Amino acid sequence: MVKIVSKMRGDLSAPVLAIIVTIGLISAGLILLAWFWWFAPQAGKSGVLVVTGQPTIICTTGSAKESHVYISVKNIGNSPATIEQVVIAGYAQVTSNVVNAGESTFIEVAMPKKLCSSIMDNRTVEGVLVTNSGIYSATFLVIR
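Quick caveat, the model's predicted, so the values are computed rather than measured. (Residues numbered from 1 in each chain as written. Predicted model: local features only at pLDDT ≥ 70, side-chain atom pairs only at ≥ 80, totals over all residues. Heavy atoms only, no water.)

1. Let's talk about the layout of surface pockets
Here the largest pocket defines a volume of roughly 160 Å³. Around the largest pocket, the lining residues are Cys 59, Thr 60, Thr 61, Lys 65, Glu 66, Lys 113, Lys 114, Cys 116, Ser 117 and Arg 144. It is helix α2 (residues 114–118) that contributes the most residues to the lining of the largest pocket, three residues altogether. Each residue belonging to the lining of the largest pocket can be placed in one class, and the counts come to two nonpolar, three polar and five charged. (1 Å grid on protein atoms, 1.4 Å probe; cavity = no way out; pocket = protein on both sides within 12 Å on 5 of 7 lines; lining within 4 Å. Points joined across faces, edges and corners; volume = space filled by probe spheres on them. Helix = DSSP H or I, 4+ residues; strand = E, 2+ residues; numbered from the N terminus. Nonpolar A, V, L, I, M, F, W, Y, C, P; charged D, E, K, R; others polar.)

Structure, rendered in structure tokens:
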């Protein structure tokens, strides 16, 4: 008669299994702690701009035809925001105005001279502010 012996080889004993689970839980806790310590504070920092008042384009006529944009913004975020570009009717002007967190500022940007002739008789024109924290749209009132 043949005896069948069933013996399982390679089983982990209870103490070894407890040590492996404990090491796993401690390492998962350390990874979570590291994320909250180093990465989470940076994720919540951003500048958020709000356009206050009425953005305006003033077109001057005569011998010195010029167009200037006037806009007032407030940073309601918790990090400085830099306005990198003002784009209106396809014309872009580079600027580097920094608005610190919680502060308001008034910006004047000299736009290309062709802007006023391209918007013709429009009373309002759509434009955008390109910043390091996003793109913000605004409706500009045209004053001739």
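Still more to cover.
2. Quick word on a nonpolar patch on the surface
Together, Leu 12, Val 16, Leu 17, Ile 20, Val 21 and Leu 25 give the surface a local cluster of nonpolar side chains, amounting to about 560 Å² of exposed area. You can see Val 16 is positioned in helix α1 (residues 14–43). (Patch = residues over 30% accessible without salt bridge, like charges linked within 9 Å, V, L, I, M, F, W, Y side chains within 5 Å. Areas by Shrake-Rupley, 256 points an atom, 1.4 Å probe, with all protein chains shown as cover. Salt bridge = Lys/Arg side-chain N within 4 Å of Asp/Glu carboxyl O.)

3. Section: the state of the cysteines
Taken as a whole and assessed by the stated rule, the structure comprises one disulfide. Here Cys 59 pairs with Cys 116 through a disulfide, and the sulfurs are 1.8 Å apart. Judged by the sign of its S-S torsion, about -90°, the cystine formed by Cys 59 and Cys 116 is left-handed. Of this pair, Cys 59 sits in strand β1 (residues 49–60) while Cys 116 sits in helix α2, and the two are 57 residues apart along the sequence. Both residues of the pair, Cys 59 and Cys 116, count as buried. (Disulfide = S-S within 2.5 Å. Buried < 20%, exposed > 50% of the residue type's maximum accessible area, 1.4 Å probe, protein only.)

4. Some words on the packing of aromatic side chains
Counted under the stated rule, the structure contains two aromatic pairs. Here Trp 35 and Phe 36 contribute two aromatic rings whose centre-to-centre distance is 5.0 Å and whose plane-to-plane angle is 80°, an arrangement assigned as edge-to-face. Look at Phe 36 and you get exposed, because its relative accessible area is 52%. Ring geometry for Tyr 70 against Phe 106: centres 6.0 Å apart, planes inclined by 20°, an arrangement best described as stacked. One end of the pair, Tyr 70, is in strand β2 (residues 66–75); the other, Phe 106, is in strand β5 (residues 104–111), with 36 residues separating them in the sequence. Classification of Tyr 70 as partly exposed rests on a relative accessible area of 21%. (Phe/Tyr/Trp six-rings, centres within 6.5 Å; stacked < 30°, edge-to-face > 60°.)

5. Regarding α1
Compared with the 44 Å implied by 1.5 Å per residue over 30 residues, the 42 Å span of α1 between its first and last C-alpha is a close match. Of all the bends in α1, the greatest measures close to 40° and is centred on Phe 36. Counting buried residues along α1, only zero of its 30 residues qualify, which leaves the element largely exposed. (Expected span 1.5 Å × (residues − 1). Bend = angle between axes of the 7 residues up to and from the residue.)

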